[in-house]
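# Coordinate analysis (summary)
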Amino acid sequence: MTSDAATTVSVMDVGGTHVTAAQVEVAAGGLHLGPSFREPLDSAAGTDEFVAALVRCAGRLPGPAARHWTIALPGPFDYERGIGRYQDVGKFDALRGFDLRAALTDHLPGRPTLGFCNDADAFAYGEWQAGAARGHRTVAGLTLGTGVGSCFLREGGIVRQGPGIPPGGRIDLMEYQGRPLEETVSRRALRRAYAQGTGARQEADPPGEPDVREIAERARAGDDVAARVLTNAFHALGQALGPMLAAFAPDVLVIGGSIATSWDLVAPPLREGIADAEHGDGGTVVAAAQLDWRAPLLGAAYLAATPVLAEAASRT
């Protein structure tokens, strides 16, 4: 950022269970989060309900209508055109082929212009600017929630190919023991594993069964099945990441997302899995995100204020 003048940016972060809208002040001295509001969001909702939740959340911000919004959301998504490409990923199925840019432009106050970025990219930039990755040259960012998101940074630029980088920079495309990684590490995978471990249900996303937060609480309370499910999943994640970390050699691996809030249960098996990997890395610091839900909001604002980086982040 080349000027001392501050710019206020309006941003949204869309997750599998919520949407958050905020105003962020971007200045040479850093990023400062202003007013923010959160609305629940059903990842299985139809397009009308989905758009309504985003519009309702955006409308809660004070002041005049924003002239531009930057919206962070998970892939697969055509960030340049604003069209969903979701298929068989367990969320946002209704957005497949849906022109979200056109729908939001028609409904947001003032008919603003819209930009889109990947939520994992926004998360990594937020932590790099003001969180656990601040001051580091090379960064790997990982979000654990409804799915697994990832971003790789070198000298402030996004890296999507090269040694240790999965196709397109997407860890969700990696496999573990011959299966997609998200079948082992994701909200749906953990719920399914716990349901199967207790002999309850066999569905992919069993209704009525405990969510990840409750599984974590049960593990802390001495539930052996819950503890085993979490240990196995995050040890597997570490084993999958080990060779990647050795090749890319980031200074820091920052873990965020809703599942990572149970860091006391995530960190030990994750670090053990990385160490146990055949080519496991020994030099990368593995750290919990410091900014929680704020990271993607700050990162989206940073991307909006840096056109070159925003253009790079929108490439698929």
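A short tour of the structure in this document, coming up. On a predicted model such as this, the values are computed, not experimentally measured, just so you know. (Residues numbered from 1 in each chain as written. Predicted model: local features only at pLDDT ≥ 70, side-chain atom pairs only at ≥ 80, totals over all residues. Heavy atoms only, no water.)

### Section: the sheet that holds strand β4 (residues 68–73)
Overall, mixed pairing links the 5 strands, which are arranged β3-β2-β1-β4-β7 in an open sheet. Strands with a single pairing partner mark the edges of an open sheet, and in this sheet they are β3 (30–40) and β7 (113–118). Neighbour to neighbour, the strand axes of the sheet diverge by 25° on average, direction disregarded. Examined bridge by bridge, strand β1 (residues 7–14) and β4 share 4 bridges and lie parallel to one another. Looking at the pairing, S10 lines up with W69 of β4. Each of β1, β3, β4 and β7 touches helix α3 (residues 119–130); the most contacted strand, β7, lies at about 80° to it. With respect to the sheet, helix α8 (residues 294–305) is in contact with β1, β2 (18–27), β3, β4 and β7, its orientation differing from that of β1 by roughly 130°. (Pairing = 2+ DSSP bridges. Helix = DSSP H or I, 4+ residues; strand = E, 2+ residues; numbered from the N terminus. Axes fitted to C-alpha atoms, helices over the stretch in contact; angles between N-to-C directions. Contact = heavy atoms within 4.5 Å.)

### Description of the packing of aromatic side chains
Per the counting criterion, the structure on display carries 9 aromatic pairs. Each ring, one from Y125 and one from Y302, has its centre 5.5 Å from the other, and the planes form 35°; the classification is tilted. Taken together, the positions of Y125 in helix α3 and Y302 in helix α8 put the pair 177 residues apart, joining distant regions of the chain. Of the residues examined, Y302 reaches a relative accessible area of 9% and is grouped as buried. Each residue in the set F50, F77, Y79, Y86, F92 and F116 is aromatic and connected to the rest through ring pairs, giving one cluster. (Phe/Tyr/Trp six-rings, centres within 6.5 Å; stacked < 30°, edge-to-face > 60°. Buried < 20%, exposed > 50% of the residue type's maximum accessible area, 1.4 Å probe, protein only.)

### Some points on the layout of surface pockets
What the second largest pocket holds in volume is close to 430 Å³. Forming the boundary of the second largest pocket are 18 residues, of which S10, A65, A66, R67 and H68 lie nearest the centre. At the level of secondary structure, the elements contributing two or more residues to the lining of the second largest pocket comprise β1 and β4. Residue composition of the lining of the second largest pocket, by class: 10 nonpolar, 7 polar and 1 charged. (1 Å grid on protein atoms, 1.4 Å probe; cavity = no way out; pocket = protein on both sides within 12 Å on 5 of 7 lines; lining within 4 Å. Points joined across faces, edges and corners; volume = space filled by probe spheres on them. Nonpolar A, V, L, I, M, F, W, Y, C, P; charged D, E, K, R; others polar.)

### Quick look at the packing of α3 against α8
In the contact formed by α3 and α8, the axes pass within 6 Å of each other and the chain directions differ by 90°. It follows from the interaxial angle that α3 and α8 lie roughly perpendicular. Across from D119, A122, F123, Y125, G126, E127, W128 and Q129 in α3, the residues of α8 making contact are A295, P296, L298, G299, A300, Y302 and L303. Taken together, the residues of the contact of α3 with α8 sort by class into 10 nonpolar, 3 polar and 2 charged. (Parallel < 35°, antiparallel > 145°, perpendicular 65-115°, else oblique.)

### Comments concerning the pairing of β2
For β2, the tally of buried residues reaches 9 of 10 residues, placing the bulk of the element in the interior. Where β1 and β2 come together, 8 bridges link them in antiparallel fashion. Opposite D13, over in β2, you have T20 as the bridge partner. Following β1, the chain reverses through 3 residues before pairing antiparallel with β2. In this structure, β2 lies alongside β3, joined through 9 bridges in antiparallel fashion. The partner of H18 across the bridge, within β3, is P40. Connecting β2 to the next strand, β3, in antiparallel fashion are 2 residues.

### What to know about unusual backbone geometry
With an omega dihedral of 5°, the bond running from G75 to P76 counts as a cis peptide bond. Its place among the elements puts P76 in the loop between β4 and β5 (77–78). A positive phi is found at E155, a non-glycine position, where the angle reads about 55°. Mapped onto the elements, E155 comes out in the loop between β9 (148–154) and β10 (157–158). On the basis of relative accessibility, which here comes to 54%, the residue E155 falls in the exposed class. In the Ramachandran plot, Q177 falls in the positive-phi region, its phi being about 50° despite a non-glycine side chain. The topology assignment puts Q177 in the loop between β11 (175–176) and β12 (179–180). Assessed through its relative accessible area of 68%, Q177 is described here as exposed.

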